[in-house]
Amino acid sequence: MLALNIENLSVVFPGLSSPALAIGHLSIAAGSRVAITGASGSGKSTFVNIVAGLERTRQGRIRWNGEDIAGFSESRRDRFRAANIGLVMQEFHLFPGLSALENVLLPARLAGAATADIIERAHALLSTVGLSRPGQKIETMSRGEMQRVAIGRALLRKPGVIIADEPTASLDAESGEAVGDLILDLAIAEGSTLIVVSHDQRLASRLDRCITFGSGRISEDSTATAGEAA
Amino acid sequence: MIRFILSDLRRLWAGSLVVVLLVALATALGVSVVLQERALRLGSARAADKFDLVIGAGGSETQLVLSSVFLQPSPLPLMRGEVLGKLAADPRVDWAAPIGFGDSFSGYPIVGTTTMLAQNLSGGLIEGKIFAREGEAVIGSAVKLSLGGEIKPMHGLPEEGGETHIELVYHIAGRLRPTGTAWDRAILVPIQAVWHIHGLAAEEHAEEGAESEHEHEHEAASGTGTAEHGHEHEEAGEHHDGHEHHGKLDPDAALDESWTADAPGLPAILVKPKTIADAYKLRQEYRSGNTVAVFPGEVLTNLYATLGDAKQILVAVASGAQALVAASLVLVTVIHIGQRRRQIGALRAFGAPRGAIFGIVWLEFFFLVAVGIGLGFALGYAAALLLSDMFSETSGITMPVVFAREDAGLAAVLLAFATVLAALPAVLAYRQSPAQALRA
C-alpha cells in the first residue's frame, strides 16, 4: 500500500506558455481509491504519466511513501514502477502471438522476476479475472477479455498502487461495467491504493474521492474520506 | 524473451524475410565474387602446374600460355621443327612434346602431339591405350565420346564455319585420367597426322628412320589390333576411296617420333625439365633468338597482377552494393523502430527493464542479419559452384570453390557490422521515454 504526496509540481511542455500540469500540494492516502476526472486536455494523462514515473519532471516532488521518484534515474524509475505500480491503460498493449498467461508474465519475465510463485499467481489471477483458458492466444480474445488480461498483468507483482487510465473507455457499456467492478474489487481485495482516470461517472461515483482537473490544475476535490487538497 | 522475439518475427514475417533476403543477396554477391576469383586463380594455377616450361616462337608469352595450357584457339607463330629434336636430345629434359592446334571435333579441340605427352599428361589412362598409329586418338576424361568412336576433324571451330577434313578419320583408342585442366576436353592425336592432313609432311627419310626406331611400338599396336582394328581400317579405306582427290592418308601408318631438323614448324613445345635448375637454364637458353620460353605459372602470376585490379573493381562494386544494403537496412531499422515505439513504450510501462528491451531489439535484428549473412554465404557458395561448373563445362578446367581462412575474416567483419547496426535500433528504443513512446 502506497501513499502519494505531491509538492510544487509543474510540468511544462515546450511551446506551451502555461504548464500542462501544476499542483501545489496533493496527498492521496495509502489504500484510498481515487477517481480523476476532467475534460480532455485538462492534464489527467500528464498526471498519470508523472505519478507512474513514465515521464520525468524537472520541478516538484512526487513521493510514494516518502520516496521521491522525481529524483530517480530513468532505469530506477522503471524498476520502481515494475515493483510498485500496476498500470491498466485504455489500450491494452498486449502482445499478439503470445497467450494470455504469457502476456501476464512477459514484463516480469523480462525483468527476471518470474519466480515459481509469480507464475502460480499469474494462473490464479487469470482465474480471478474470469478467464479459464490461460493458454488462449491473445488475438483470439474479445476486448473485454483482453482488458481482463491487462488487469491480471497489472496486479501480478502485488503493486502497492494500481493506476488505471480510462480502463473502460474502449469497451462497450456492459464489459466496461464488469471491468470497472473487477478493478475496484481487486484493489480492495489486494489492499492496493487505486487511482482511476475515468469519464465514467458510474465508476467514479463508486470511489472514495474524486479529483477534477481543469486546465492543468485541480479544480475540484470531493473528499469523501479524510483527504487533503490544495 | 526468445519466445517473444519468435512471435514478433512470426508476426512481422514479411518484413523479416525482406531484411534477411536483402542481407543474404548482398552477402552472396560479395562472397561469390571472392570465391569465384579464388576458384579462377586456383583452377588456372593448377592447370598450369602440369606444364613446367612452354617453348614457342617469338610473340606474346600470354598468348602462348593461353593456347598451350588452356587450349584457347589462336594463331601462334611457328618455330622451326628442329628445336624439338634438340630438346628431345637434351640431357636436362625429362620429356618434350610438341603440340599443334587448329582442328576440332564437336567443339572439342584436337591437339596434335606425341605419345610422350599422352603418357605423361595425366599419369596413365582410364581405359584403352595410347595412340600408336596415325588414325588413332586419345581423348581427355571430359570428352563425351566412347572408345572406338570416330572423330572427323574439322578445321577451326564449328562456330567459325570450319570445314571438315575428309582425309582422315581418327578412332578413339584410349581415354586419359582426369587432370582438372583444359586438356580434359582435348582430343589428342599424333601430331604427324595433323601435319599430314594439313600437307606438312616431314621429309621421307624421317619416316624411314622411324621404321626401325619405333618398330616395337608398331608391333605392339598391331598385336592388339584385332578384328575391331581391321574393321576400322576397312571403313577408313572406304571413306578415302570416295574422296581420292583429297590425297590418301593411311590411318595405320606408324608413328614417327624422331625429331629431325626437317620436321615442320611447331607452334609450341611442352617441356618437362629434370630439375628446377634445369628448368631455369632451359628457359634462359630458349629465350634468346627465335624462340620464347616461359613458365606458365609465372606468366599467370603476371596476368593476375593485371587481373588483380579487375578483382579490386569487382570487390569495390560488391562492397558498394553491400553499403547500399546496409544503408537500406538502417532505413528499415529506423522505420521499424518508429512502428514499434508503442510496443517498446508499453513494455517499459509495464515494468520490463530497459536492458531487456535493448536485448530484445538487438537480438531480433542481429538474428535477422546473422541469418541473412549465413544464407548469403551459402548462396554465394552455391552461385560460385554453379559458375565454376559452367566454366568447367566449357573449358575443362576444374575450378575449385573453396573457403579460405580470410573468408572467416569477412564473416567476422560482416557480423561485427551487424552487431553495430543492430545496436542502432536498440539504442533508439532505449532513449525514448515510455510516455513519449506510448503517445506515438
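The rules we used
- Residues numbered from 1 in each chain as written.
- Chains lettered and ligands numbered in written order.
- Predicted model: local features only at pLDDT ≥ 70, side-chain atom pairs only at ≥ 80, totals over all residues.
- Helix = DSSP H or I, 4+ residues; strand = E, 2+ residues; numbered from the N terminus.
- Buried ≥ 20, exposed ≤ 12 C-beta atoms within 10 Å, placed from the backbone.
- Contact = placed C-beta atoms within 7 Å.
- Nonpolar A, V, L, I, M, F, W, Y, C, P; charged D, E, K, R; others polar.
- Core = buried A, V, L, I, M, F, W, Y, C linked by C-beta atoms within 7 Å.
- Domains from an automatic or database assignment.
- Pairing = 2+ DSSP bridges.
- Axes fitted to C-alpha atoms, helices over the stretch in contact; angles between N-to-C directions.
- Parallel < 35°, antiparallel > 145°, perpendicular 65-115°, else oblique.
- Left-handed = near helix turned anticlockwise from the far one by under 90°.
- pLDDT = per-residue confidence, 0-100.
- Expected span 1.5 Å × (residues − 1).
- Arc of directions from axis to C-beta.

Asker: Account for unusual backbone geometry, naming residues and giving values.
Answerer: All names here are of chain A. The phi dihedral of lysine 158 falls on the positive side, at around 50 degrees, and the residue is not glycine. Assignment of secondary structure puts lysine 158 in the loop between α5 (143–155) and β7 (161–165). Among the residues examined, lysine 158 registers 13 C-beta atoms within 10 Å and is labelled partly exposed. With a phi angle near 50 degrees, glutamate 166 is a residue other than glycine that sits in the positive phi range. Along the chain, glutamate 166 falls in the loop between β7 and α6 (173–190). Given 20 C-beta atoms within 10 Å, glutamate 166 falls into the buried group.

Asker: Please provide a residue-by-residue account of the interface of chain A and chain B, values included.
Answerer: Across the contact, 23 residues belong to chain A and 20 residues belong to chain B. When residues of the side of chain A that touches chain B are traced back to their parent elements, those giving at least two are α2 (74–84) and α3 (100–110) of chain A. The dominant element in the side of chain A that touches chain B, judged by the number of residues it contributes, is α2(A), at 6 residues. Across the side of chain A that touches chain B, the residue classes break down as 10 nonpolar, 4 polar and 9 charged.

Asker: So what's going on with the nonpolar core? Which residues, and what values?
Answerer: Core analysis: the biggest nonpolar cluster contains 182 residues, and Ile163(A), Ile183(A), Val196(A), Ala137(B), Ile187(B) and Ile269(B) have the highest contact counts within it. In terms of residue count, helix α2 (residues 13–49) of chain B provides more of this core than any other element does, 16 residues in total. No fewer than three residues from each of domain 1 (2–44 + 308–439) and domain 2 (53–294) of chain B sit in this core. For Ile183(A), the residues in contact, after removing those within four places along its chain, are Val88(A), Ile151(A), Ile162(A), Ala164(A), Pro167(A) and Val196(A).

Asker: Kindly report on the sheet that holds strand β8 (residues 193–197) of chain A, identifying the contributing residues and their values.
Answerer: Neighbouring strands of a sheet are bound in pairs by backbone hydrogen bonds; such pairs are parallel or else antiparallel. Residue and element names in this part refer to chain A. Spatially, 6 strands are ordered β6-β7-β8-β3-β9-β10 in an open sheet, and the strand pairing comes out mixed. Each having just a single partner strand, β6 (85–88) and β10 (217–223) make up the two edges of the open sheet. For this sheet, the mean angle separating the axes of adjacent strands, direction not counted, is 15 degrees. By the bridge criterion, 4 bridges tie β6 to β7 in an arrangement that is parallel. Looking at the pairing, isoleucine 85 lines up with valine 161 of β7. Strand contacts of α5: β6 and β7, with the helix running at about 170 degrees to β6, the strand carrying the most contacts.

Asker: Before we move on, could you go through the pairing of strand β9 (residues 209–214) of chain A and cite the residues and values that matter?
Answerer: Residues and elements named next belong to chain A. Of the two faces of β9, only the one carrying Arg209, Ile211 and Phe213 is buried; Cys210, Thr212 and Gly214 on the other face are not. Across 5 bridges, the pairing between strand β3 (residues 33–38) and β9 is parallel. Paired with alanine 35 across the bridge in β9 is cysteine 210. Hairpin remark: β9 followed by β10, antiparallel, with 2 residues in the connecting loop; positive phi at serine 215, about 50 degrees.

Asker: Go over the packing of helix α1 (residues 2–11) of chain B against helix α12 (residues 354–395) of chain B, please, and point to the residues and values.
Answerer: Residue and element names in this part refer to chain B. Viewed as axis vectors pointing N to C, α1 and α12 meet at an angle of 50 degrees, and their least axial separation amounts to 10 Å. One way to sum up the angle between α1 and α12 is to call them oblique. Considering how the two elements wind past one another, α1 and α12 form a crossing that is right-handed. Facing α1, whose interface residues are Phe4, Ile5, Asp8 and Leu9, α12 presents Ile360, Leu363 and Glu364.

Asker: Break down α2(A) for me, citing the residues and quoting the values.
Answerer: Along α2(A), the residues that are buried comprise Arg77(A), Asp78(A), Arg81(A), Ala82(A) and Asn84(A). Buried positions along α2(A) lie against β4 (59–64), β6, α3 and β7 of chain A together with α11 (296–349) and α12 of chain B.

Asker: So what's going on with the confidence of the model for chain A? Residues and values would help.
Answerer: In this model, chain A carries a mean pLDDT of 89, and residues with pLDDT of at least 70 account for 97%. A low-confidence stretch, residues 224–230 of chain A (pLDDT under 50), is modelled with 17 contacts involving residues beyond four sequence positions or located in other chains.

Asker: Break down helix α4 (residues 116–128) of chain A for me, with residues and values.
Answerer: Residue and element names in this part refer to chain A. Across its 13 residues, α4 extends 18 Å between first and last C-alpha, which sits within 8% of the 18 Å expected from 1.5 Å per residue. For α4, the full list of buried residues reads Arg121, Ala122, Leu125 and Leu126. Buried residues of α4, seen end-on, are gathered within an arc of 135 degrees and therefore sit on one face of the element. Exposed residues lying more than 90 degrees from the buried face of α4 are Ala116, Asp117, Glu120, Ala124 and Ser127. Residues of α4 that are buried sit in contact with α3 and α5.

Asker: With reference to specific residues and values, describe the confidence of the model for chain B.
Answerer: Low pLDDT marks regions whose predicted coordinates should not be analysed in detail. The pLDDT averaged across chain B works out to 77; a share of 84% of its residues lies at or above 70. Across residues 202–246 of chain B, where pLDDT falls below 50, the model places 42 contacts with residues more than four positions away in sequence or in other chains.

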